[in-house]
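Observations on the three-dimensional arrangement
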Amino acid sequence: MALRYGIVGLPNVGKSTLFNALSNSHVAAANFPFCTIEPNVGTVTVPDERMQRLSSLVNPQKLVPTFIEFVDIAGLVKGASQGEGLGNQFLANIREVDAIAHVVRCFQDNRVTHVAGQVDPIFDKEVIDYELQMKDLETVRKRMGKMEKIAKTGDKEARRALTLLERLAAQLSQGGNVRTMAVDESEAALLRSWQLLTMKPVLYVANVDEKTLQEGTNSHVERLKTIAQKERATMVVICAMLEAQMTELTPSEKALFLEEYGLSTSVLEVLISTSYKLLSLITYFTAGPQEVRAWTIKAGTKAPQAAGAIHSDFEKGFIKAEVIKLPDYLQHKTEVACRAAGKVRLEGKNYVVEDGDIMHFRCA
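Note that the structure is predicted; figures quoted are calculated from it, not measured.

1. Some words on the overall build of the chain
Along its length, the chain carries 15 helices and twelve strands. Of all 364 residues assigned to the chain, the portion counted as buried reaches 49%. At a minimum sequence separation of 6, the contacts of the chain that also span at least 24 residues come to 70%. Roughly 17,900 Å² of accessible area belongs to the chain as shown, and the carbon and sulfur atoms make up 50% of that amount.

Set out below in structure tokens:
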């Protein structure tokens, strides 16, 4: 599965600059609202040193890493839920992504206009939240009208759905996001089918200047951090402009650049690792002389469904899975040696795939 990440925020907060850094695509960034009209999409391979180590042993003809798509979505303004600015298009684009990277401006720069006239990360966040909540409330109320008619016939499932919709309407009307609601497993399944905007996982990205990056924080970052903690959301601090500059450097120059700013890794690796945790994603591998390939699945996925990530026919015809744990492969060097050491396990339909598993599927 390819993870699709929507980069959102108010105009002029650094979305396109961050997108440039992530995708190295050099999309134009400008100091005025709606610079981004059609969403730009960048496909980025997911760095995974385990794949490189595995490849050094297998010596395949090619490597096929998994990838992530970053979507630079048009800057949203107040009134978007009513169609203001590029609101309708913005909201439709968000509906198509798996998760949201909400870029919030946490730097002062008089050369870069702020749509509200001053830098205020809480204002920025609340504008985005409000517009998504109002759009969700509109969706929920429409669905409530349909369910009310069905529920009057005595349909128990419709009654159950209507009860959940009423809770959603109350949550959204009070300025709450759907993702913060406590729901049971059956309710969660319903919510996923409704594709509400405020149900999507959010990663807050505090975009700071170089000075703040070196110092570690500023008052804007601290205010945003407090809000993120209340929501139990994840937040990362980056300097998008700095990251964009690093795309022009060689690997050795980039390493020196990171060291100068006290960074151990790039924003790309931070965002990807954080995103995988946020969405409960793991990676398994298939390995052979033709290729070593990475596959991304949800944590908790069983073997047949993992096989289905390769092809739906593999899930339908699943018989068994041969599994080698990565540490065993690295220790014994080859699949033959792993077999001789009894390190190849034969697993059935109830096997839950673990991160880093090397798998071969037997299918009918």
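2. Some details on the packing of aromatic side chains
Across all of its chains, the model carries four aromatic pairs by this definition. On the numbers, 6.0 Å between centres and 85° between planes, the contact of Tyr 284 with Phe 361 is edge-to-face. Highlighted residues: Tyr 284 in strand β8 (residues 281–287) and Phe 361 in strand β12 (residues 358–363), separated in sequence by 77 residues. Among the aromatic side chains, those forming a connected cluster through ring pairs are Tyr 284, Trp 295, Phe 318 and Phe 361. When the ring centre of Phe 107 is taken as reference, the NZ or CZ atom of Arg 105 above it lies at 4.5 Å.

3. Observations concerning helix α6 (residues 185–194)
Three or more residues of α6 are buried, namely Glu 187, Ala 188, Leu 190, Leu 191 and Trp 194. Here the buried residues of α6 occupy an arc of 160° about the axis, which is enough to place them on one side. Structural note: α6 exposes Glu 185 and Arg 192 on the side pointing more than 90 degrees away from its buried face. Those residues of α6 that are buried are in contact with α4 (121–151) and α5 (156–173).

4. Considering the pairing of strand β6 (residues 202–207)
Taking burial as the measure, the six residues of β6 include six buried ones, the bulk of the element. What you see with β6 is no split at all: Val 202, Tyr 204 and Ala 206 on one side and Leu 203, Val 205 and Asn 207 on the other are buried throughout. By the bridge criterion, six bridges tie strand β5 (residues 99–105) to β6 in an arrangement that is parallel. Across the sheet, residue Arg 105 finds its bridge partner in β6, namely Asn 207. Here five bridges tie β6 to strand β7 (residues 234–238), and the two strands are oriented parallel to one another. Its bridge partner lying in β7, Ala 206 is registered against Val 237.

5. Thoughts on the packing of α4 against helix α8 (residues 219–231)
Remark: α4 packs on α8, axes separated minimally by 8 Å, with the N-to-C direction vectors making an angle of 40°. The orientation of α4 with respect to α8, classified from their angle, is oblique. Here α4 contributes Pro 121, Ile 122, Lys 125 and Asp 129 to the contact with α8, which in turn contributes His 220, Arg 223, Leu 224, Ile 227 and Glu 231.

6. Some words on the nonpolar core
Counting residues in hydrophobic clusters, the biggest one holds 55 residues, and the most contacted among them are Tyr 5, Leu 18, Leu 22, Ile 68, Phe 70, Val 205 and Leu 271. Non-local contacts of Leu 271, meaning those with residues more than four positions away in its chain, are made with Leu 18, Leu 22, Leu 203, Val 205 and Val 236. Met 144, Leu 168, Leu 172 and Met 181 belong to the second largest nonpolar core, which has 19 residues in total.

7. A few points about the sheet that holds β7
Spatial strand order, β2-β4-β1-β5-β6-β7: six strands in an open sheet with mixed pairing. Every interior strand has two partners, whereas the edge strands, β2 (40–45) and β7, have only one. Within the sheet, the average angular offset between the axes of one strand and its neighbour, ignoring direction, is 25°. Where α4 meets the sheet, it contacts β5 and β6, and its direction lies at approximately 145° from that of β5.

Criteria and thresholds
- Residues numbered from 1 in each chain as written.
- Predicted model: local features only at pLDDT ≥ 70, side-chain atom pairs only at ≥ 80, totals over all residues.
- Heavy atoms only, no water.
- Helix = DSSP H or I, 4+ residues; strand = E, 2+ residues; numbered from the N terminus.
- Buried < 20%, exposed > 50% of the residue type's maximum accessible area, 1.4 Å probe, protein only.
- Contact = heavy atoms within 4.5 Å.
- Areas by Shrake-Rupley, 256 points an atom, 1.4 Å probe, with all protein chains shown as cover.
- Phe/Tyr/Trp six-rings, centres within 6.5 Å; stacked < 30°, edge-to-face > 60°.
- Lys NZ or Arg CZ within 6 Å of the ring centre and 35° of its normal.
- Arc of directions from axis to C-beta.
- Pairing = 2+ DSSP bridges.
- Axes fitted to C-alpha atoms, helices over the stretch in contact; angles between N-to-C directions.
- Parallel < 35°, antiparallel > 145°, perpendicular 65-115°, else oblique.
- Core = buried A, V, L, I, M, F, W, Y, C linked by side-chain atoms within 4.5 Å.

That's the geometry; what it means functionally is another story.
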